[in-house]
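Coordinate analysis (summary)
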Amino acid sequence: MKSYFVTGTDTDAGKTLIASALLLKAQQHGLATLGLKPVAAGGVMDGEQFCNEDALLLTAQSSVKLPYELVNPVLLREPMAPHIAAQREGKRLSADKIVGFYRGAVMGLRGETKPDLCLVEGAGGWRVPLNNSVTMAEVAKLLQLPVVLVVGLKLGCLNHAILTAEAIARDGLVLAGWVASQTDPQMTVVDENLTTLARYINAPCLGFVPPLADPSPEAAADFLNIDPLGLAG
């Protein structure tokens with residue numbers, strides 16, 4: 001099983017869309033997939049259960065099905081920074097516990113139930129706080145997972161992307177690839193921004209997803225290439 005941690009340049013960079021599209025792309029190559037969202041804030045009612053929409057989308061594109069509680073073990077009610085949402089609920093988030101949830105979810109996967117690709121989607125960006133002293137990056141560090149960075153293509157993304165790539169390297173993790181997702185349809189000089197990103201980010205580009213009339217995993221998957229991850233075959 002190959003596992004990757006998916007992070008973004010900010011909250012609205014398109015992490016879930018890209019992660020779901022990568023899962024779908026891997027399935028199109030005959031691979032078993034699993035998407036996990038260990039921490040989420042905000043949700044909707046799915047039948048009688050309160051669920052996070054990002055976690056539901058990842059589950060929909062996972063060929064290996066797990067109970068919702070294993071996919072998204074920490075669900076906070078309010079859509080805000082996780083540490084603030086947790087404080088308002090009288091909870092304290094811990095990187096160690098989140099890592100434990102991940103290991104518990106994948107520990108029992110064997111044989112036909114074991115995915116070829118597992119994507120662990122973070123919450124917010126690389127340095128979003130989990131509590132007053134630890135950020136989401138600590139989860140990826142404890143798991144020692146290579147990282148896929150989703151760059152929300154808009155004004156200011158160059159600074160955000162370069163700083164995030166530098167932080168990932170400083171934390172001792174491998175940046176396995178990056179995806180540009182154009183979140184601002186009105187952005188100009190897109191090609192020039194893509195060229196600059198490729199110059200500064202020392203990792204393969206897995207694709208550029210333009211503004212989509214139908215922002216679905218199926219539509220986004222057409223613009224992605226998983227070959228640099230060593231998954232296609």
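For the structure itself, look to the data block above.
Now for a look at the structure at hand. This structure is a prediction, so every number in the text was calculated from the model and none was measured.

1. Describing the sheet that holds strand 2 (residues 33-36)
Pairing in this open sheet of six strands is parallel, and the strands run 2-7-1-8-9-10 from one edge to the other. Two strands close off the open sheet at either side, each with one partner strand: strand 2 and strand 10 (205-209). On average, each strand axis in the sheet is inclined to that of its neighbour by 20 degrees, with strand direction left out of account. The pairing of strand 1 (residues 2-8) with strand 8 (residues 147-153) spans four bridges and is classified as parallel. From the neighbouring strand, Thr-7 faces strand 8, where its bridge partner is Leu-149. Here helix 8 (residues 190-200) sits on the sheet and contacts strand 8, strand 9 (175-182) and strand 10; the angle it forms with strand 9, its principal contact strand, is near 170 degrees.

2. Some remarks on the packing of helix 7 (residues 157-170) against helix 8
For the pair helix 7 and helix 8, interaxial distance at closest approach is 10 Å and the crossing angle is 15 degrees. It follows that helix 7 is roughly parallel to helix 8 by the angle criterion. For the pair helix 7 and helix 8, the crossing hand works out as right-handed. Residues Cys-157, Leu-158, Ala-161 and Ile-162 of helix 7 form the contact with helix 8, whose participating residues are Asn-193, Thr-196, Leu-197 and Tyr-200. Its residues placed into classes, the contact of helix 7 with helix 8 shows six nonpolar, two polar and no charged.

3. Section: the nonpolar core
Formed by 57 residues in total, the largest nonpolar core has its most connected members in Leu-36, Trp-126 and Val-139. Broken down by element, the residue count for this core peaks at six residues, all from helix 5 (residues 95-107). Every residue in contact with Val-139, bar those within four places of it in the chain, is listed here: Phe-5, Ala-95, Ile-98, Val-99 and Leu-130. Judged by nonpolar contacts, the second largest core, of 27 residues, contains Leu-22, Ala-26, Val-150 and Leu-231.

Rules used throughout
- Residues numbered from 1 in each chain as written.
- Predicted model: local features only at pLDDT ≥ 70, side-chain atom pairs only at ≥ 80, totals over all residues.
- Heavy atoms only, no water.
- Pairing = 2+ DSSP bridges.
- Helix = DSSP H or I, 4+ residues; strand = E, 2+ residues; numbered from the N terminus.
- Axes fitted to C-alpha atoms, helices over the stretch in contact; angles between N-to-C directions.
- Contact = heavy atoms within 4.5 Å.
- Parallel < 35°, antiparallel > 145°, perpendicular 65-115°, else oblique.
- Left-handed = near helix turned anticlockwise from the far one by under 90°.
- Nonpolar A, V, L, I, M, F, W, Y, C, P; charged D, E, K, R; others polar.
- Core = buried A, V, L, I, M, F, W, Y, C linked by side-chain atoms within 4.5 Å.
- Buried < 20%, exposed > 50% of the residue type's maximum accessible area, 1.4 Å probe, protein only.

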